[in-house]
Amino acid sequence: MAVFALVLAACLAPFPASAQKDIDLPKPTMEGGMPLFQALKARQSGREFSTEKLPLPLLSNLLWSAWGVNRPDGRRTAPSASNRQEVDVYLAMADGLYLFEPGPHRLKFVLASDMRARAGTQAFVGEAPLNLIYVADYAKMATAKPEDRPVWAAADTGFIGQNVYLFCASEGLVSVFRALLDRDALGKAMNLRPDQHVTFAQTVGYPRK
Ligand SMILES: Cc1cc2nc3c(=O)[nH]c(=O)nc-3n(C[C@H](O)[C@H](O)[C@H](O)COP(=O)(O)O)c2cc1C
């Protein structure tokens, strides 16, 4: 009977079990891409997305560019106030919610729900293949004054967002950094701890044809 219940539960699960696992990202390329000045010329916000999914190697390069480890001491491609590295990058995709772990360069499986539509108030948010949700962990800012925490977390998020913009410009992807979202509702849906705060989100995808 217990086995039958397990099989039934597996059949009723909204996503294939294979998607509900941590994902080891392929090693990021860390070379090539568009020359910096060209990428700066091409950087822009876009809101017209194809629904096509992003392949894992592209996702790997995107995340490394955004917030990956670029030095042996664990420091990152973006700066952070006092190197607190308090911003976590979550990925809302059709098959679930994942957390980017820069050290092992891995996606940690968090939830099986498709959270994309909750990641913003604009219609394209739920249709694009990827929404990055930036979450500041105030537990890592315990030595900062309470009034400094949101300001520094927002600045640190912005640097990551600009890395994403430049990577997207280099790869011909569309992206928009976003403040229009219900942070508290999204945080609850993501099962965040009280000291974790959604700062911004950023939608990424291929251009709509
Ligand atoms: C802090 C911040 C919040 C933003 N929030 C949104 C948003 O919620 N929705 C949106 O469509 N664009 C948003 N944007 C994108 C801006 O509208 C965009 O950067 C601006 O219009 C300039 O266009 P550009 O990025 O193409 O230069 C935001 C940008 C920043 C920096």
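Residues numbered from 1 in each chain as written. Predicted model: local features only at pLDDT ≥ 70, side-chain atom pairs only at ≥ 80, totals over all residues. Heavy atoms only, no water.

Q: Please set out the site of the ligand residue by residue, giving values where relevant.
A: The immediate surroundings of the ligand are formed by Arg43, Gln44, Ser45, Arg47, Gln122, Val176, Phe177, Arg178, Ala179, Leu180 and Phe200. Taking Ser45, its side chain carries an N or O atom lying 2.5 Å from an oxygen atom of the ligand. Here a nitrogen atom of the ligand sits 3.0 Å away from a polar atom, N or O, in the main chain of Phe177. Bound to the protein, the ligand loses 55% of the 620 Å² it would expose on its own. (Near = heavy atom within 4 Å. Polar contact = N/O pair within 3.5 Å; in protein donor to acceptor, adjacent residues only side chain to side chain. Areas by Shrake-Rupley, 256 points an atom, 1.4 Å probe, with all protein chains shown as cover.)

Q: Can you lay out the packing of helix α3 (residues 56-67) against helix α4 (residues 149-171) for me, pointing to particular residues and giving the numbers?
A: Here α3 crosses α4 at 140°, and the two axes come no closer than 7 Å. The angle between α3 and α4 falls in the class oblique. In this structure, the crossing between α3 and α4 has a hand that is right-handed. Contact residues: α3 offers Leu58, Asn61, Leu62, Ser65, Ala66 and Trp67, while α4 offers Ile160, Asn163, Val164, Phe167, Cys168 and Glu171. Residue classes in the contact of α3 with α4 are distributed as eight nonpolar, three polar and one charged. (Axes fitted to C-alpha atoms, helices over the stretch in contact; angles between N-to-C directions. Helix = DSSP H or I, 4+ residues; strand = E, 2+ residues; numbered from the N terminus. Parallel < 35°, antiparallel > 145°, perpendicular 65-115°, else oblique. Left-handed = near helix turned anticlockwise from the far one by under 90°. Contact = heavy atoms within 4.5 Å. Nonpolar A, V, L, I, M, F, W, Y, C, P; charged D, E, K, R; others polar.)

Q: Describe the layout of surface pockets, and please don't skip the residues or the numbers.
A: Of the voids in this model, the largest pocket is the one considered here, and its volume is about 450 Å³. Mapped by element, the contributors of at least two residues to the lining of the largest pocket are α2 (36-42), α3 and α4. When residues of the lining of the largest pocket are assigned to their parent elements, the largest contribution, five residues, is made by α4. Across the lining of the largest pocket, the residue classes tally to eight nonpolar, eight polar and two charged. The space that makes up the second largest pocket amounts to roughly 250 Å³. (1 Å grid on protein atoms, 1.4 Å probe; cavity = no way out; pocket = protein on both sides within 12 Å on 5 of 7 lines; lining within 4 Å. Points joined across faces, edges and corners; volume = space filled by probe spheres on them.)

Q: Now, about unusual backbone geometry: what can you tell me, with residues and values included?
A: One non-glycine residue with positive phi stands out, namely His105, at about 50°. By secondary structure assignment, the location of His105 is in the loop between β3 (96-101) and β4 (106-111). With relative accessibility at 9%, the residue His105 sits in the buried group. Look at Asn191: it is not a glycine, yet its phi comes out positive at around 60°. (Buried < 20%, exposed > 50% of the residue type's maximum accessible area, 1.4 Å probe, protein only.)

Q: So what's going on with the sheet that holds β4? Residues and values would help.
A: What the seven strands build is an open sheet, ordered β1-β4-β3-β2-β5-β7-β6; its pairing is antiparallel. Two strands lie at the open edges of the sheet, namely β1 (23-24) and β6 (174-178), each paired on one side alone. Two elements, strand β5 (residues 130-137) and strand β7 (residues 196-205), share seven bridges in a ladder whose sense is antiparallel. Opposite Ile133, over in β7, you have Ala201 as the bridge partner. Along the sheet, α3 contacts β1, β2 (87-93), β3, β4, β5 and β7; its crossing angle with β2, the most-contacted strand, is approximately 155°. (Pairing = 2+ DSSP bridges.)

Q: Outline a nonpolar patch on the surface, listing residues and values.
A: Taken together, the side chains of Leu36, Phe37 and Leu40 present a nonpolar region at the surface, about 350 Å² in accessible area. By the element assignment, Leu36 lies in helix α2. (Patch = residues over 30% accessible without salt bridge, like charges linked within 9 Å, V, L, I, M, F, W, Y side chains within 5 Å. Salt bridge = Lys/Arg side-chain N within 4 Å of Asp/Glu carboxyl O.)

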